[in-house]
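# Chains, contacts and geometry: an overview
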Amino acid sequence: MDKQKLKKIATPVLVILGFIILGFGINKYNKIRSYDNLIIEANKYMDSDEYDKAIALFKQSLDYKNDPNVERSIKLAGNLKTAKSIYDNGVSLMNNKDYEGAIQQFQKITQEDDKLYSAAQKKITECKKNFISHNIELANNDIKNNKYDEASKYIDNVLKMDSNNAEAKKLKDNIAKLEKGQENNETKQTAQSAAVEQSSSNKNLTQEDAEAIVKNNFKYNSSEIVYCYDHDSEHDGKEFYVIHVYESHPTHTATLGWYGVEKSSGRIYDEMLNKYIN
């Protein structure tokens with residue numbers, strides 16, 4: 001075969017081969033371009049927290065290129081999707097004033113997503129503040145209604161959240177004082193009721209009953225206080241035992257009050273102020 005014939009055969013073959021090579025090149029370029037576009041779009045969805053769409057595009061990109069980085073991105077998107085769901089659940093609980101439940105949700109958010117982690121930490125601080133404020137308010141309402149046990153529970157909730165909370169500690173001390181005062185009043189009422197009951201069976205109180213009634217109604221922080229029957233008096237046609245209350249000293253006595261106790265009812269009359277005091 002002469003050179004001229006070989007040239008005629010080779011030329012079309014080379015042209016066809018060139019088209020084939022060019023086709024492969026264009027196809028490879030299109031694949032690379034499609035892959036890059038998919039990654040760019042997927043990352044945009046990641047930035048806008050649309051993780052399902054991002055995962056779909058990342059998976060689609062694997063049809064063009066098996067990239068370990070894309071596999072890691074898919075895993076990250078799944079984790080962030082879960083974290084976002086937990087965060088949204090925390091916000092819902094917070095809006096329903098379930099602050100403890102919300103805090104538990106927000107604490108599950110890790111630093112895998114700095115933006116979401118920072119938002120969760122702010123929500124935790126806000127929940128603690130609202131929880132404390134809410135329980136302080138409930139405690140104050142119960143204290144006003146003399147419900148000290150219920151109030152103490154709310155105070156304990158606050159101290160569990162913040163053991164150094166000054167307002168809660170102050171309320172706790174106040175409750176202790178109020179409960180002690182309540183116990184003293186109940187003791188006074190019990191003593192007076194017992195004396196009155198005894199008087200009902202005996203018709204009138206005794207002088208000792210009257211002294212006990214005054215002692216339970218007027219307590220002093222001194223061991224030198226004396227409660228002593230002194231004489232009888234009469235007011236509004238009713239008879240009273242007059243009890244002298246004084247502080248005894250080696251050289252003198254200091255009068256603290258003169259109190260009449262009605263013989264039939266145990267009612268107390270201030271002999272110095274000339275008026276009933278109960």
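Residues numbered from 1 in each chain as written. Predicted model: local features only at pLDDT ≥ 70, side-chain atom pairs only at ≥ 80, totals over all residues. Heavy atoms only, no water.

This part is about the packing of aromatic side chains. Here the distance between the centres and the angle between the planes together describe a pair of aromatic rings. This model, assessed by the stated rule, comprises six aromatic pairs. Geometrically, the ring pair formed by Tyr 87 and Phe 106 is tilted, given 5.5 Å between the ring centres and 55 degrees between the ring planes. Of the two residues, Tyr 87 sits in helix H3 (residues 68-95) while Phe 106 sits in helix H4 (residues 99-106), which places them 19 residues apart along the sequence. Here the aromatic rings of Phe 218 and Tyr 259 are separated by 4.1 Å at their centres, their planes lie at 15 degrees, and the arrangement is stacked. One end of the pair, Phe 218, is in the loop between helix H8 (207-217) and strand S1 (225-235); the other, Tyr 259, is in strand S3 (residues 253-262), and 41 residues separate them in sequence. Of the residues examined, Phe 218 reaches a relative accessible area of 16% and is grouped as buried. In textbook terms, an aromatic cluster arises when at least three aromatic residues are bridged by ring pairs, as seen for Phe 240, Tyr 269 and Tyr 276. Seen from the ring of Tyr 276, Arg 267 lies directly overhead, with NZ or CZ sitting 3.8 Å from the centre. (Phe/Tyr/Trp six-rings, centres within 6.5 Å; stacked < 30°, edge-to-face > 60°. Helix = DSSP H or I, 4+ residues; strand = E, 2+ residues; numbered from the N terminus. Buried < 20%, exposed > 50% of the residue type's maximum accessible area, 1.4 Å probe, protein only. Lys NZ or Arg CZ within 6 Å of the ring centre and 35° of its normal.)

This part is about the pairing of strand S2 (residues 238-248). Of the strand pairs in this sheet, S1 and S2 are connected by ten bridges, and their pairing is antiparallel. Each residue of the ladder has a partner; that of Ser 233, found in S2, is Phe 240. Remark: two residues form the turn of the hairpin made by S1 and S2, two consecutive strands paired antiparallel; Asp 236 in that turn has positive phi of roughly 55 degrees. In this sheet, S3 lies alongside S2 in antiparallel orientation, the contact comprising nine bridges. Bridge pairing links Tyr 246 to Thr 255 in S3. The loop that links S2 with its antiparallel partner S3 comprises four residues. (Pairing = 2+ DSSP bridges.)

Our next topic: the sheet that holds S1. Each strand in a sheet pairs with its neighbour through backbone hydrogen bonds, running either in the same direction (parallel) or in the opposite one (antiparallel). Spatially, five strands are ordered S1-S2-S3-S4-S5 in an open sheet, and the strand pairing comes out antiparallel. The open sheet is flanked by S1 and strand S5 (275-276), the only strands paired with a single partner. Against the sheet, H8 touches S1, S2, S3 and strand S4 (268-270), its axis set at about 55 degrees to S2. (Contact = heavy atoms within 4.5 Å. Axes fitted to C-alpha atoms, helices over the stretch in contact; angles between N-to-C directions.)

Right, let's talk about the packing of helix H5 (residues 114-144) against helix H6 (residues 148-161) for a bit. In the contact formed by H5 and H6, the axes pass within 8 Å of each other and the chain directions differ by 160 degrees. Considering the angle they form, H5 stands roughly antiparallel to H6. With respect to the hand of their crossing, H5 and H6 are arranged in left-handed fashion. On H6, the residues touching Lys 128, Phe 131, Ile 132, Asn 135, Ile 136, Leu 138, Ala 139, Asp 142 and Ile 143 of H5 are Tyr 148, Glu 150, Ala 151, Tyr 154, Ile 155, Asn 157, Val 158 and Met 161. Tallied by class, residues from the contact of H5 with H6 come to twelve nonpolar, two polar and three charged. (Parallel < 35°, antiparallel > 145°, perpendicular 65-115°, else oblique. Left-handed = near helix turned anticlockwise from the far one by under 90°. Nonpolar A, V, L, I, M, F, W, Y, C, P; charged D, E, K, R; others polar.)

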